[in-house]
Amino acid sequence: MTPSEEPIILNVQGWSFAYPGRSLLQGWSAQIRAGASLLLGGDGAGKTTLLRLLAGALPAQAGSARLLGHPLPLWRSPGAPHVFWVEPRASGLDAITPAQWFAQLPALYPRWDGDALVRHVQGFGLPPHLHKPMEQLSTGSQRKVLFAAGLASGAELTLFDEPVAGLDRPSIHHLQDALAACAHEGQRALVVAHYEALPGVPWRDSWTLPD
């Protein structure tokens, strides 16, 4: 499949966004195609803000976007089935266990893959933590829960922030392998925000935000 034939999952045109006293985006445009893409930038560059915009959790102040051909307002809602985005620092999941949360997700994501969840739970070493409240888990374990869910969701647009923060080496390797596998699925786009490229992942595109 040539680049011109690859499906465009999200088409962004002319996005602008600024906080008081600081502009983060001015006329930013991108075609996010199926595969794994990388959003690069240092601390404070605005990577998380851009992920929120891509998820529809934060409105752009100018410009437009279409996800799978539909305008952004149609997917800006909690649990939108085509987008997986959970903020690691504000997930709102403290009181429930990973097992309870995983049980809720098949109803939200029509492309949910239960077999994939089992693989990722094992790959991230999560079985001992499945029945503990999320608030009792370490930051790294919480992130592993979010990554396992996102990878299994099948969501056409899947967004991950700070992918290796708090992860042990085996979990980093599993995440790299999982991203590489998902990059070849052909019908979903994964956008990963990080300060450098993770090795072993066939990155489709990359964008760099200035520090």
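Keep in mind that this is a model prediction, so the values were computed, not measured.

**Student:** Got a minute to help me understand the overall build of the protein in this structure?
**Tutor:** Helix and strand counts for the protein stand at five helices and nine strands. For the protein, the α and β elements follow one another from N to C terminus as β-β-β-α-β-β-β-α-α-α-β-α-β-β. Taken over C-alpha atoms, the radius of gyration comes to 17 Å for the protein, in line with the 17 Å a tight globule of 211 residues would show. If you line up the protein on its principal axes, its C-alpha atoms span 45 × 45 × 35 Å. Looking at the protein as a whole, 50% of its 211 residues qualify as buried. For the protein, the computed accessible surface area is about 9,800 Å², with 53% contributed by carbon and sulfur atoms. When the 15 basic and 17 acidic side-chain charges of the protein are each reduced to a single mean position, those positions are 3 Å apart.

**Student:** Which parts of the structure should I look at to understand empty space enclosed by the protein?
**Tutor:** Gaps between atoms show up when a probe of the same size as a water molecule is rolled over them. Enumeration according to the criterion identifies one cavity of 30 Å³ or more in this entry. The computed volume of the largest cavity comes to approximately 50 Å³. What lines the largest cavity is F84, W85, V86, P88, L146, F147, L159, F160 and D161. Looking at which element gives the most residues to the lining of the largest cavity, the answer is strand 7 (residues 157-161), with three residues.

Reading the values: rules and limits
- Residues numbered from 1 in each chain as written.
- Predicted model: local features only at pLDDT ≥ 70, side-chain atom pairs only at ≥ 80, totals over all residues.
- Heavy atoms only, no water.
- Helix = DSSP H or I, 4+ residues; strand = E, 2+ residues; numbered from the N terminus.
- Rg over C-alpha atoms; globule rule 2.2 N^0.38 Å.
- Buried < 20%, exposed > 50% of the residue type's maximum accessible area, 1.4 Å probe, protein only.
- Areas by Shrake-Rupley, 256 points an atom, 1.4 Å probe, with all protein chains shown as cover.
- Lys, Arg positive; Asp, Glu negative; His and termini not counted.
- Charge placed at Lys NZ, Arg CZ, Asp CG, Glu CD.
- 1 Å grid on protein atoms, 1.4 Å probe; cavity = no way out; pocket = protein on both sides within 12 Å on 5 of 7 lines; lining within 4 Å.
- Points joined across faces, edges and corners; volume = space filled by probe spheres on them.

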